[in-house]
Amino acid sequence: VMGYGVSRDSNPYPTPHTPYPIPRLVFFPHLGYFSRVMLFVTQKFLIFYVVVFTIYWSIPWKRPRVWLLLVASYYFYFCFNQWLALLVAGSSVIDYLIAHGMNATSRPLLRRLLLILSLVMNLGLLCYFKYENFFLETYFQSIGFDYDRKTELLDIILPIGISFYTFEAINYTVDVFREKIRPERNLDYFLLFILFFPHLVAGPIVRASDFLPQVARHKHLTWTRFAVGGRQVVLGLFKKMVIADRMALLVDPVFANPAKFDTGVVWMAAIAYAIQIYCDFSGYSDIALGTARALGYRLMVNFEMPYASTNITEFWRRWHISLSTWIRDYIYIPLGGNRGSVLRSNVNVLITFTLCGLWHGANWTFVVWGALNGIYLILHRAFRWATRDLLAFRAALDTIPGIALRIAMTFTATTLAFVVFRAPTFAIAKQVFHQMFVPTAGEGWPVPPITIWTFALIVLAAHLLGSRPALWQRWQQQSPAVRGVALASIVFATLIFAPVTTWTFIYFQF
């Protein structure tokens, strides 16, 4: 048994259903497996990044900087699992060669075969590592076979971040096939596109057309670049370590046994999880953007105040933007998009979001969550069509009370969907919904309610302020001293209010 009670036979990667604490801002050299993992909230990553940052900007030449980042990125992933690091690098080299093979021939059939080879390799690896046991379990259950998980299922370690870098590799080969981009001549540039450590394990999903030109560009260290990156890192740490991990203190006990809590607590736990997953994932994305920005790279913004959305369509334009735009461009549009009949378009939406749910995890709860979001989008389309001629009604929706009502309804719908996402089984999800909609007595708050309400109001205030560009411009006009004091206060609050233990990022399992 290694650190924190995780056995060698346990899944070494956390899920939203079974979080466990990790050392935060403290390096314990005798924790076995977890002493090697460099999460963004650990001291080991801080030391790693400071060393890389210092050497990187001390090198005056462009190409050696790329090599340094490539070695650092490979070491970063190597700390999770050395053999899986070889797998990522090896599959990336094959994609590099396939892209050049497509570019070297003008024969459509050969180009298509090479593309199919790349897709089969990338999706095959994804399916084997992530879904093999899921398919086996589903098959065994469908035929009524009484199986033993320890002996009948495969002992597979999930490569962390495999869903993210698989989508990036597919983006590259498909765009080369479509002749939207030319294949990258430099192997080290291409490997950095796949392996760049800020986005390697949990995104955002980068596009080759956005990232590869940045690799070739010579960069200079500027105060603006460093300050903007630092601000993003500080805000990301606060979101993750303070808000998300505090919310987990309410969410985890309730979803572990929802039947013993009263209705009000279960409702607040569902809302707390919606806040937790947003702050956890957007916090990671902020740190990824900040660390990349300080090294001279711009990554795609992944969240734009999603809980200020007035409808579900707008929500998916603001939530996990790199994924939603990817599935739009590489699944929805190739299926036909909205070019056919209304029925065909709705089927395309449902297929796309069902696959989006499956991408999130090897569990039927994720599939249902994705399908539920697809149904939401279809219903929203139907609502817009049904009310297109009701001008007075549509005008009322654009008033301040109407906008507030639409935001509240959208947030409620996404929160209810997240119950299915968070629940480890349908039985738990059913119990949570029963507790929410059938008034039930039970235990009270497992944590002081003032804590949850305080951070929920902080998220609400941030959304209200962030949705007003004028306030952001006013912040930008403040003196460096004022902004510095504000950021220092956030750092201080992070150190004071973060719980004793923190949890790994929820999206690490994807």
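Residues numbered from 1 in each chain as written. Predicted model: local features only at pLDDT ≥ 70, side-chain atom pairs only at ≥ 80, totals over all residues. Heavy atoms only, no water.

A. Main features of the pattern of salt bridges. Under the criterion given, the structure shown has 10 salt bridges. Linking arginine 111 and glutamate 179 is a salt bridge whose minimum nitrogen-to-oxygen distance equals 4.0 Å. Pair noted here: arginine 111 is in helix α4 (residues 108-142) and glutamate 179 is in the loop between α6 (162-177) and α7 (187-195), with a separation of 68 residues, a long-range link. Residue glutamate 179 is classed as exposed on the basis of its relative accessible area of 61%. The partner of lysine 239 in a salt bridge is aspartate 286, with the nearest N and O atoms 2.8 Å apart. One end of the pair, lysine 239, is in helix α10 (residues 223-256); the other, aspartate 286, is in helix α11 (residues 263-294), and 47 residues separate them in sequence. For aspartate 286, a relative accessible area of 17% gives the class buried. Three or more residues are tied together by salt bridges with common partners; here these are Arg207, Arg328 and Asp329. (Salt bridge = Lys/Arg side-chain N within 4 Å of Asp/Glu carboxyl O. Helix = DSSP H or I, 4+ residues; strand = E, 2+ residues; numbered from the N terminus. Buried < 20%, exposed > 50% of the residue type's maximum accessible area, 1.4 Å probe, protein only.)

B. Representation of the nonpolar core in the model. By size, the foremost hydrophobic cluster in this structure holds 140 residues, and its most contacted members are Phe76, Leu295, Tyr297, Trp319 and Tyr507. No other element matches α11, which puts 19 residues into this core. In this structure tryptophan 319 touches Ile277, Tyr278, Asn302, Phe303, Pro306, Tyr307, Ser324, Phe418 and Tyr507, once residues within four positions along its chain are discounted. (Core = buried A, V, L, I, M, F, W, Y, C linked by side-chain atoms within 4.5 Å. Contact = heavy atoms within 4.5 Å.)

C. Inspection of helix α2 (residues 62-78) at higher detail. Taking 1.5 Å per residue as the helical rise, α2 with its 17 residues ought to reach 24 Å, and the 24 Å between its terminal C-alpha atoms agrees with that figure. When α2 is considered as a whole, its buried residues turn out to be Arg65, Val66, Leu68, Leu69, Leu70, Ala72, Ser73, Phe76 and Tyr77. The inward-facing, buried residues of α2 abut α1 (43-58), α3 (82-104), α6, α7, α8 (197-200) and α9 (208-216). (Expected span 1.5 Å × (residues − 1).)

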